[in-house]
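# Structural features, examined
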Amino acid sequence: MKISILITVPLIFIMTLPLYARGDEIGLGQAYSFPEIRPAVSIFSGYRSVDYNGSGSAQEYEFLHDSISGGGELRVFHFPHRLHLDLDIKNRKDYFGDISYAYKDIVLLRGVTRTLFHNLKNVYLGEAPTVSDTAVGDRLYEYGISTGISEGSVRFKTPDFPLHLYANERFVKKDGTVQQRSLGGAGYFFTTEPSAFTNGRVRTSRSRDIDWETTEYTIGINSHLRWIEADFSHTEKRFNSGGDTVLYEHYLPAGSPEPGSVRTGGTYPLSLVPDLKGSTNTLRLHTSYTGKIVASVTLTRKNRENEYSHAKAGYFSGVFRFTWMPTTRLTFYVKYKHTERDADDPDSVTIVDRDNPANTYSDLSVRPPISSKTDRGSLTIRYRPLSVLTLRAKYTFEERRRSNNDDWYLPDSTRKNIFSLSGDSRITGSLNLKVKYTHKSIDNPAYNVEPDRSDEGQVSISWLPFTRVCTTFNYNVTQEKRDNLIFVGPDGPSESPGPRRVTRNGFFGTVTFLITKDLSLLTAYYYMHNRIDEDLAFLDKVPNFDGGETWSDARRYDPGVPYWQTANTYTANINYKVNEKLNLNGGITRTRSKAHFEVTAADLTTPESIDSFSRLDIIETAYSVKGSYRLSHGFMVRAEYRYTDFDDVVEDPYDDVSDGTAHVIWITLSRKWE
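Now for a quick tour of the structure. The model shown is predicted, which means the values in this text are computed figures rather than measured ones.

### Observations concerning the overall build of the chain
- A tally of regular secondary structure across the chain gives 2 helices and 35 strands.
- Within the span of the chain, comprising 674 residues, buried residues form 35% of the whole.
- Accessible area for the chain stands at about 38300 Å²; split by element, carbon and sulfur atoms hold 57% of it.

### Let's talk about the pairing of strand β27 (residues 486–489)
- Note that β27 and strand β28 (residues 492–495) share 4 bridges and pair antiparallel. From the neighbouring strand, Ile486 faces β28, where its bridge partner is Glu495.
- Linking β27 to β28, which pair antiparallel, is a turn of 2 residues.

### Thoughts on empty space enclosed by the protein
- Under the defined criterion, the tally for this structure stands at 2 cavities of 30 Å³ or more.
- By volume, the second largest cavity amounts to about 40 Å³.
- In terms of lining residues, the second largest cavity is bounded by Ala40, Val41, Ser42, Glu73, Arg75 and Lys672.
- Elements supplying a minimum of two residues to the lining of the second largest cavity: β3 (37–54) and β4 (67–78).
- Per-element tally for the lining of the second largest cavity: the top contributor is β3, with 3 residues.
- Classifying every residue of the lining of the second largest cavity by side-chain character gives 2 nonpolar, 1 polar and 3 charged.

### Thoughts on a positive patch on the surface
- Positive charge collects at one region of the surface, where Lys302, Arg321, Lys335, Lys337, Lys394 and Lys436 lie side by side.
- The residue Lys394 is located in strand β22 (residues 389–403) in this model.

### Observations concerning unusual backbone geometry
- Following Phe79, the chain continues into Pro80 via a peptide bond in cis, with omega recorded as 15°.
- Within the fold, Pro80 resides in the loop between β4 and β5 (81–91).
- With a phi close to 55°, Tyr409 is a non-glycine residue in the positive phi region.

### Concerning the nonpolar core
- Among the nonpolar cores identified, the biggest contains 6 residues, and these are Phe538, Val561, Phe597, Val599, Ala601 and Leu604.
- With residues up to four places along the chain from it excluded, the contact list for Ala601 reads Phe538 and Asp558.

### A closer look at the packing of aromatic side chains
- Using the criterion set out here, one finds 10 aromatic pairs in the structure.
- With a centroid separation of 4.9 Å and an interplanar angle of 35°, the aromatic rings of Tyr395 and Phe419 are classed as tilted. Separated by 24 residues along the polypeptide, Tyr395 in strand β22 and Phe419 in strand β23 (residues 413–428) bring together distant segments of the chain.
- Following the ring pairs from residue to residue traces out a cluster consisting of Phe473, Phe507, Tyr525 and Tyr570.
- Directly above the aromatic system of Tyr248 lies the positively charged group of Arg354, at a separation of 4.3 Å from the ring centroid.
- Residue placement shows Arg367 over the ring face of Trp408; its charged tip is 4.0 Å from the ring centre.

### Topic: the environment of Pro159
- Summarising the element assignment, Pro159 is placed in the loop between β9 (143–157) and β10 (163–184).
- Taking the C-alpha atoms as reference points, Pro159 and Ile106, 53 residues apart in sequence, are found 6.3 Å from one another.

### Re the pattern of salt bridges
- If you walk through the whole model with that rule in mind, you get 30 salt bridges.
- Glu236 is the salt-bridge partner of Arg238, the closest N and O atoms lying 3.1 Å from each other.
- Residue Glu236 is classed as partly exposed on the basis of its relative accessible area, which comes to 26%.
- Salt bridges sharing partners connect three or more residues here, namely Arg48, Glu62, Lys90, Asp94, Glu640 and Arg642.

### Considering the side chain of Glu305
- Structurally, Glu305 can be placed in strand β16 (residues 293–306).
- Its relative accessible area of 16% is what places Glu305 among the buried residues.
- Looking at Glu305, its side chain comes within polar contact range of the side chain of His310, at 3.4 Å.
- Apart from the residues lying within four places of it in its own chain, the contact partners of Glu305 are Asp275, Leu276, Lys277, His310, Ala311 and Lys312.

### A word on the environment of Thr396
- Mapped onto the elements, Thr396 comes out in strand β22.
- The buried category is assigned to Thr396, whose relative accessible area is 5%.

### Observations concerning the pairing of β23
- Pairing between β22 and β23: 13 bridges, direction antiparallel. Directly across from Arg401, in β23, lies its bridge partner Ser413.
- Two strands pair when backbone bridges link them, and β23 and strand β24 (residues 431–443) are joined in this way by 13 bridges, in the antiparallel orientation. Its bridge partner being in β24, Lys416 is matched across the sheet by Ile442.
- If you look at the hairpin formed by β23 and β24, you'll find 2 residues sitting between the two strands.

Here is what the cut-offs are and how they apply
- Residues numbered from 1 in each chain as written.
- Predicted model: local features only at pLDDT ≥ 70, side-chain atom pairs only at ≥ 80, totals over all residues.
- Heavy atoms only, no water.
- Helix = DSSP H or I, 4+ residues; strand = E, 2+ residues; numbered from the N terminus.
- Buried < 20%, exposed > 50% of the residue type's maximum accessible area, 1.4 Å probe, protein only.
- Areas by Shrake-Rupley, 256 points an atom, 1.4 Å probe, with all protein chains shown as cover.
- Pairing = 2+ DSSP bridges.
- 1 Å grid on protein atoms, 1.4 Å probe; cavity = no way out; pocket = protein on both sides within 12 Å on 5 of 7 lines; lining within 4 Å.
- Points joined across faces, edges and corners; volume = space filled by probe spheres on them.
- Nonpolar A, V, L, I, M, F, W, Y, C, P; charged D, E, K, R; others polar.
- Patch = residues over 30% accessible without salt bridge, like charges linked within 9 Å, V, L, I, M, F, W, Y side chains within 5 Å.
- Salt bridge = Lys/Arg side-chain N within 4 Å of Asp/Glu carboxyl O.
- Lys, Arg positive; Asp, Glu negative; His and termini not counted.
- Charge placed at Lys NZ, Arg CZ, Asp CG, Glu CD.
- Core = buried A, V, L, I, M, F, W, Y, C linked by side-chain atoms within 4.5 Å.
- Contact = heavy atoms within 4.5 Å.
- Phe/Tyr/Trp six-rings, centres within 6.5 Å; stacked < 30°, edge-to-face > 60°.
- Lys NZ or Arg CZ within 6 Å of the ring centre and 35° of its normal.
- Polar contact = N/O pair within 3.5 Å; in protein donor to acceptor, adjacent residues only side chain to side chain.

So this is what it looks like as structure tokens:
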């Protein structure tokens, strides 16, 4: 990780700045003397044992290997110096580090680095027609990505004037292997070449190595200029792709009626991950936060470029905010944002046959990208008629205008109107209520997931019915409707005959019991239910010239296909402080998730109904037991055991879900000095 800034800068200042300094003057000849605070140091070391079977989804974000762990913390306050260091290493794929240093308020420096490992699913493609370099039928091939994020910042302040210079760094690294699935053979082109696979198409699965790095550097300056505060910053951002940046697949001669008339057979690139670069300039101005009126302006200019295709995009946004508080009970908030997006792509791209460079195609046209201009304005009114009641009303208008939209079958403009009303009330000393209602209407929505209109309601209650019982409840419901969907096919776009209706429900509640001053119990329940009813479009197969079948241009619909999603989560956690030395904690969480859609059209149900391939039913149960015991001379021992059972109820061999269990035991010994 690029954390040199986190180490070199504090060393330079520690060596060059004086080790002692007088306290700041706070009066006539009077100085404040900071009390002496002894340094605090703690270290720990431990061992983590892991045992798992089946899918890594049982512990999706755990590096499932035994490991030695360790770390510690250091706190030093010796005015004018302040230093804090925190290090926690769980394993070589999962660790956290935080270092900060300050000299008075003149120099502030901080660096944070953390990593996380993600176990990825493996989609089983079944038997032939399949090509796999990870062994056909091997559902348990391990894929995983390690993500590391390092951030560093340093700020300098002039001693006697509010002027700051600052620099920030952000470095993100992802490395590991992922499953790359693709359709080889002839692709979507028809071919008459004899093959064991239908139309020469073959499903492929392979392991793909990735080594991606994203770096972002920012420098800036800000100051308080009497009634105005100003900030200007410049950012440079880069994405560098490593590992398997491009893959190759074998394709058969394509074209009809003569194979090869469109493209000769060969090995061509696919799924390229390009390098990217960009820069951002931002200017912020705002008035001081005193008085009844506050205003601010933010201007941003961004540029992005694909270094492989040289596609470019430029962005400009301006945001204006205004706050007026005529009385302590009434406040007005106004916000306006203007955004421009200007994209430019090359007119064509080139592909080359890796086995025979003579097969080069450089006239593959590219659809022009969408450029747009967006204006969004909002007005919010907050009114507090009573000390226990606060009311809010908000109206938002947004308009987006597009160019090159015809090539993408999108409307030239989209308008949104959003109204919301909300209120917070302390009904009694132990009962608080929050409610909110939002109505949204959209003219010419661009995408099928956007509704023509929607209504959303939210209710939140916090209640202390008894001294030792605390409860919270949250419920939200959303209903959306879209009159017609737009489907794009070989004959262009067309509207579905029926509407799209969406209903979303969610509930979350907790009840906490303080049984005794040393024993507490937390219970929680979460429920989610979503339903979507919409037309499903598909094409018919018709005979072709060689006696086979191909897809026709005639679009058909299965009307009102329902799709359900449900999830139920139950949680219980108990904490018991046995005595001053021993503390125990235990918990259990059980989640069941289901999803399914149901088709009725005959062509979609024979010879096998397509909805059978998308049914989801998963039960995940997690148990945990933790404990800590204080020994003499500042020592402490901690132990943790976690068990997770991931159960695929459907047991579908063609989905990306499979059973798995995982046991994790972690024991550490720590020592603290103060």
